[in-house]
Amino acid sequence: MTTVAWKALNKHLGDIQNHQLRDLFASQTDRFQQLHLEFEGGLLDYSKNRLNQVTLDKLFDLASEAKLEHWRELLFSGGQINHTEQRAVLHTALRDNKPNPKQTLVSRELDRMQQMVEQFSQKKWLGSSNKPLREVVVIGIGGSYLGPKLASEALQTYAQKDVLVHYISNVDAHDMHEVLGLIDPTETLFIVISKSFTTQETSTNMRSCMRWLVEKTGDQSVIQKQFIGITANTELALKAGLAANNILSMWDWVGGRYSLWSTVGLPLALLLGMDQFRQLLAGAHSMDEHFRNQDFNKNAPVLMALIGIWNRNFLNLPAYAVLPYDSRLRSLPRYLQQLDMESNGKDVDRHGKACTYQTAPILFGEAGTNGQHAFHQLLHQGTTTVPCDFIGFRQTNYSQEHHHILLSNMLAQSQAMMTGRTLEESTAMLQAKNAERIDTLAPAMSFSGNRPSNTLLFDRLTPFRLGSLLALYEHKVFVQGIIWNINSFDQMGVELGKTLGDKILQSLQSKSISNEFDSSTAALLTYLMQQSD
Ligand code: F6P
């Protein structure tokens, strides 16, 4: 990029690279005070990043130069910011009670959803053998799966008694049979979630589950009673045999990975009840208001986005880890992988030109402390520096003994990444213990430190808090897309694989290999066909 603010940041980089984080903390005793934000019932500590106030000011200039305020208004007011698909991007309207362009549509579907939830929780939704349905199987993938799955796990402590929700996403039949092996066909409601209703994995799983259900119940009309569809393509859902009353709408102005707030949240509403689902929406809305109204320097998503840009484009750090220290958020990294990498994993800008700068980092993560016993070795001593987001909660529903251990681990990880341990320090430590082989051990026990992280702390994991946390990341991703001048709301990159997959499937089914295939694909197919004979 050649803009004024970008160049100024590049120039400023030299000043920052001369400083180690531990020295910045030593010389600036109020560093935390200067570089943290209390917002919307939470705290963002960004002091453990390799930056200072000058860096931030220059990043705010970058945001202004990219006309972030203008784009933010377009987002909320329904401008066609998804220009390739000529669509507005209005997931924020799904969680806004105030008059908005989509309010009538949204509240009508929410009311229909509420009726379904009431019928189900009052045990009035009867299956083909007249028994009330109490288990739910959700069939969907990507944005039609990751959000409900994450939220169901995260909010399990709020679940209503006796409701069990299972998910089938992968087209691998092992995924489906694992779930079908657990359920009673006479007591199970199936929810098919697919915005397009053409997704191969979901259609295949849906058809197989339908066949299984008809076979198990011996009732051809069971599909009309025990299947719900959530889609923007009602016609295909009807064709698949679903009853019109059992189809909830979603819309093309809501992207799949932004759709948890729509009727896609039905599994969650069945699990928690409608009031708690509305709390999730309220939490997300409160973050929308924060993002829309706060100045950049007090705006959590803007700060996190700009710090991410600094790490990715100026410090040149290719990866990014999200580490929730709460096992209920174990699926958050996977959810954010789609949100971040499907939105901003792009190499063409809004004018159709190749990006000459890096875009989305490679995102991964795991709930703490599990990740500590897997990949944190690399986070501490690997040759690649990986900026991290640590996420923790002050309160727990269970033992304080466990919770204190959990939280102390979280704080120790970010502290260790920041300070590191010098060769002199590890040598002195070994000498104090009268250790042998100090020359061998001391280098291996040294840590470069200077590894950046954010820490997000909240009071308690509630539906409201989860809504607000997910909306925080949505807006972070949006801001980065604006700075990179890319369209964060299409996903053309997933298409080529789908198209090629169709031809390969034909080959597998017909047991013939077209000479259109390259030698590698042809040979791999040959091997697979031999194995299945
Ligand atoms: O992976 C591509 C994708 O289109 C995602 O963007 C989407 O969330 C997912 O497939 C599922 O799509 P659908 O809801 O149409 O089945």
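A few points on the structure. As the structure is a prediction and not an experimental result, all values here were calculated from the model. (Residues numbered from 1 in each chain as written. Predicted model: local features only at pLDDT ≥ 70, side-chain atom pairs only at ≥ 80, totals over all residues. Heavy atoms only, no water.)

**Structural notes on the side chain of R451**
Argument step 1. Within the secondary structure, R451 sits in the loop between α19 (438-444) and β11 (453-458).
Argument step 2. E425 is the oppositely charged side chain nearest to the buried, salt-bridge-free R451, at an N-O distance of 13 Å.
Argument step 3. Engagement of the side chain of R451 in a polar contact is seen with the backbone oxygen of H380, the distance being 3.1 Å.
Argument step 4. Ignoring sequence-local partners within four residues, the contact set of R451 consists of L21, K48, L378, L379, H380, Q381, G382, T384, T385, M417 and M418. (Helix = DSSP H or I, 4+ residues; strand = E, 2+ residues; numbered from the N terminus. Buried < 20%, exposed > 50% of the residue type's maximum accessible area, 1.4 Å probe, protein only. Lys, Arg positive; Asp, Glu negative; His and termini not counted. Salt bridge = Lys/Arg side-chain N within 4 Å of Asp/Glu carboxyl O. Polar contact = N/O pair within 3.5 Å; in protein donor to acceptor, adjacent residues only side chain to side chain. Contact = heavy atoms within 4.5 Å.)

**Section: the site of the ligand**
Argument step 1. Close to the ligand lie 13 residues; G143, S144, S194, S196 and T199 are nearest.
Argument step 2. Residue S194 places a side-chain N or O atom 2.6 Å away from an oxygen atom belonging to the ligand.
Argument step 3. Across the complex, the protein chains shield 85% of the 400 Å² of accessible surface that the ligand would expose by itself.
Argument step 4. Placement of the ligand is best described as lying within the largest pocket.
Argument step 5. Residues of the shell around the ligand, tallied by class, amount to 2 nonpolar, 9 polar and 2 charged. (Near = heavy atom within 4 Å. Areas by Shrake-Rupley, 256 points an atom, 1.4 Å probe, with all protein chains shown as cover. 1 Å grid on protein atoms, 1.4 Å probe; cavity = no way out; pocket = protein on both sides within 12 Å on 5 of 7 lines; lining within 4 Å. Sits in = over half its atoms within 2 Å of the grid points. Nonpolar A, V, L, I, M, F, W, Y, C, P; charged D, E, K, R; others polar.)

**Structural notes on empty space enclosed by the protein**
Argument step 1. Evaluation of the coordinates by the stated rule reveals 4 cavities of 30 Å³ or more.
Argument step 2. Estimates place the volume of the largest cavity at around 170 Å³.
Argument step 3. If you trace the largest cavity, you find 19 residues lining it, with G308, N311, Y320, K476 and Q480 closest to the centre.
Argument step 4. At the level of secondary structure, the elements contributing two or more residues to the lining of the largest cavity comprise α14 (300-314), β8 (319-324), β10 (388-393), β11 and α20 (463-483).
Argument step 5. No other element matches α14, which puts 5 residues into the lining of the largest cavity.
Argument step 6. Per-class residue counts for the lining of the largest cavity are 10 nonpolar, 6 polar and 3 charged. (Points joined across faces, edges and corners; volume = space filled by probe spheres on them.)

**So, the pairing of strand β9 (residues 362-365)**
Argument step 1. Relative to β9, β8 runs parallel, the two being bridged by 4 bridges. Its bridge partner being in β9, Y320 is matched across the sheet by L363. (Pairing = 2+ DSSP bridges.)

**Side note on unusual backbone geometry**
Argument step 1. The amide bond that connects G368 to the next residue, T369, takes the cis arrangement and shows omega of 10°.
Argument step 2. Positive phi is not limited to glycine here, since N316 has a value of about 65°.
Argument step 3. Relative to the assigned elements, N316 resides in the loop between α14 and β8.
Argument step 4. Given the relative accessible area of 52%, N316 is considered exposed.

**Notes on the nonpolar core**
Argument step 1. One finds L266, L332, L456, Y473 and F478 to be the most contacted residues of the largest nonpolar core, which totals 115 residues.
Argument step 2. Ranked by residues supplied to this core, first place goes to α20 with 11 residues.
Argument step 3. The residues that make up this core include at least three from each of domain 1 (4-82 + 281-419 + 451-489) and domain 2 (102-272).
Argument step 4. Ranked by size, the runner-up nonpolar core spans 22 residues in total, among them V179, W212, L213 and F227. (Core = buried A, V, L, I, M, F, W, Y, C linked by side-chain atoms within 4.5 Å. Domains from an automatic or database assignment.)

**Overview of the pattern of salt bridges**
Argument step 1. In the structure shown here, the tally under the stated rule is 23 salt bridges.
Argument step 2. Notably, a salt bridge pairs D326 with R328, separated by 2.7 Å at the nearest N-O pair. Residues D326 and R328 agree in their burial class; the two are buried.
Argument step 3. In this structure, a network of salt bridges that share partners links the residues R95, D288 and E474.

**A short note on the layout of surface pockets**
Argument step 1. Approximately 920 Å³ is the volume found for the largest pocket.
Argument step 2. Taken together, 34 residues line the largest pocket, and the ones lying closest to its centre are S196, T199, Q491, E495 and K498.
Argument step 3. In terms of residue class, the lining of the largest pocket is made up of 10 nonpolar, 14 polar and 10 charged.
Argument step 4. When residues of the lining of the largest pocket are assigned to domains, at least three map to each of domain 1 (4-82 + 281-419 + 451-489) and domain 2 (102-272).
Argument step 5. Estimates place the volume of the second largest pocket at around 420 Å³.
Argument step 6. Every residue lining the second largest pocket is counted, 20 residues in all, and those nearest its centre are M1, T3, I482, I483 and N485.
Argument step 7. Looking at the lining of the second largest pocket, the elements with two or more residues in it are α4 (53-65) and α20.
Argument step 8. Element by element, the count of residues in the lining of the second largest pocket is highest for α20, at 3 residues.
Argument step 9. Taken together, the residues of the lining of the second largest pocket sort by class into 9 nonpolar, 6 polar and 5 charged.

**Describing the sheet that holds β11**
Argument step 1. Strand order in the open sheet formed by 6 strands is β1-β2-β11-β10-β8-β9, with mixed pairing between adjacent strands. The sheet is open, and its two borders are formed by β1 (36-39) and β9, each paired with just one other strand. Shown here is a sheet whose adjacent strand axes are inclined to one another by a mean of 15°, direction ignored.
Argument step 2. Across the sheet, helix α17 (residues 400-419) touches β10 and β11, and the angle it forms with β10 is around 155°.
Argument step 3. Along the sheet face, α20 touches β1, β8, β10 and β11 and points at about 155° away from the line of β11. (Axes fitted to C-alpha atoms, helices over the stretch in contact; angles between N-to-C directions.)

**A closer look at the pairing of strand β6 (residues 227-231)**
Argument step 1. Of all 5 residues making up β6, 5 are buried, and the element is well covered by its neighbours.
Argument step 2. By the alternation rule, side chains of β6 split into F227, G229 and T231 and I228 and I230, which are all buried.
Argument step 3. Pairing analysis gives 4 bridges linking strand β5 (residues 188-193) to β6, with the strands arranged parallel. Looking at β6, one finds that I193 is bridged to I230.
Argument step 4. On the question of chirality, the crossover connecting β6 to the parallel strand β7 (residues 247-249) by way of helix α11 (residues 234-239) is right-handed. (Right-handed = clockwise from strand over helix to strand, strands pointing away.)

**Considerations on the packing of α4 against α14**
Argument step 1. In contact at an axis separation of 10 Å, α4 and α14 are set at 100° when each is read in the N-to-C sense. One way to sum up the angle between α4 and α14 is to call them roughly perpendicular. Contacts between α4 and α14 pair T55, L56, L59, F60, L62 and A63 from the former with L303, L306, I307, I309 and W310 from the latter. (Parallel < 35°, antiparallel > 145°, perpendicular 65-115°, else oblique.)

Nothing here speaks to function; it is all geometry.
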